[in-house]
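Observations on the model geometry
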Amino acid sequence: MKNRSEIDQLQEVVDFWSKAPLAVMAYDPEKLNECPTPWEMMTENDWCRNSIAIGMEFTLRLSGWKADRLKIKMIRDYDVSDQKLIVEVDEKYFLNYEHGAVVPIPETNRDVLDIWAFSGKNYERI
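Remember, it's a predicted structure, so these values are computed and weren't measured experimentally.

For the rest of this paragraph, the subject is the overall build of the protein. Each helix and strand in the protein was counted, giving three helices and six strands. Its C-alpha radius of gyration of 14 Å places the protein within 12% of the 14 Å reference for a compact globule of 126 residues. The dimensions of the protein, computed from C-alpha atoms along their principal axes, are 35 × 30 × 30 Å. Burial statistics for the protein: of 126 residues in total, 42% are counted as buried. Partitioning the intrachain contacts of the protein with sequence separation of at least 6 by distance along the chain shows that 54% fall at a separation of at least 24. On the protein, roughly 7,100 Å² of surface is accessible, and the fraction owed to carbon and sulfur atoms is 49%. Taken together, the 16 basic and 23 acidic charged side chains of the protein have centroids lying 4 Å from each other.

With respect to topology, six strands assemble into an open sheet ordered S4-S3-S2-S1-S5-S6, the strand pairing being antiparallel. Because the sheet does not close on itself, it has two edges, and the strands there are strand S4 (102-104) and strand S6 (123-125). Direction aside, the axes of adjacent strands within the sheet are offset by 35 degrees on average. Pairing of strand S1 (residues 70-77) with strand S5 (residues 110-118) involves six bridges; the strand directions are antiparallel. When the sheet's bridge partners are listed, Ile75 is paired in S5 with Val112. Of the strands in this sheet, S1, strand S2 (82-89), strand S3 (93-95), S5 and S6 touch helix H3 (residues 49-62), which is tilted by about 5 degrees from S2.

As a further point, take helix H1 (residues 6-17). For H1, which comprises twelve residues, the first-to-last C-alpha distance of 17 Å matches the rise-based estimate of 16 Å (1.5 Å per residue) to within 8%. Burial in H1 covers these residues: Gln9, Leu10, Val13, Val14 and Trp17. For H1, the buried positions fall inside an angular range of 135 degrees around the axis, keeping them on one side. Its buried side turned inward, H1 meets H3, S2, S3 and S4.

Under the defined criterion, the tally for this structure stands at three aromatic pairs. Ring centres of Phe94 and Tyr97 lie 5.8 Å apart, and the angle between their planes is 50 degrees; on these two criteria the pair is classed as tilted. Of the residues examined, Phe94 reaches a relative accessible area of 1% and is grouped as buried. Each ring, one from Phe118 and one from Tyr123, has its centre 5.3 Å from the other, and the planes form 75 degrees; the classification is edge-to-face. Relative accessible area serves as the criterion here: at 21%, Phe118 is assigned to the partly exposed category. When the ring centre of Phe118 is taken as reference, the NZ or CZ atom of Arg61 above it lies at 3.5 Å.

Parameters at a glance
Residues numbered from 1 in each chain as written. Predicted model: local features only at pLDDT ≥ 70, side-chain atom pairs only at ≥ 80, totals over all residues. Heavy atoms only, no water. Helix = DSSP H or I, 4+ residues; strand = E, 2+ residues; numbered from the N terminus. Rg over C-alpha atoms; globule rule 2.2 N^0.38 Å. Buried < 20%, exposed > 50% of the residue type's maximum accessible area, 1.4 Å probe, protein only. Contact = heavy atoms within 4.5 Å. Areas by Shrake-Rupley, 256 points an atom, 1.4 Å probe, with all protein chains shown as cover. Lys, Arg positive; Asp, Glu negative; His and termini not counted. Charge placed at Lys NZ, Arg CZ, Asp CG, Glu CD. Pairing = 2+ DSSP bridges. Axes fitted to C-alpha atoms, helices over the stretch in contact; angles between N-to-C directions. Expected span 1.5 Å × (residues − 1). Arc of directions from axis to C-beta. Phe/Tyr/Trp six-rings, centres within 6.5 Å; stacked < 30°, edge-to-face > 60°. Lys NZ or Arg CZ within 6 Å of the ring centre and 35° of its normal.

Here it is, written out as structure tokens:
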């Protein structure tokens, strides 16, 4: 993955996670530090749209992306009538906003309800 451009790396992660089987709600996104680890999630194979965002962020960090480039955000987007966890990369892209796509941050009417960043051992609200 290292020999690809960063946008190609992001798309590769999105493509991989777009194949995960989806449940309605696997874990409580408000309690990010109480979620199982991505390894436990893979063992349980119990995924929802929110836990996929955690998997994407974890995959990027395991691939060598610095944690300070990545934020997990709970957004409520009024233009598409949806609330979900997304991964914001470099304040430029959203992962998990649209299924299977790396999206430049859209100009939509939305609120950010919560923000987490990985801080070495766990996620911290910022």
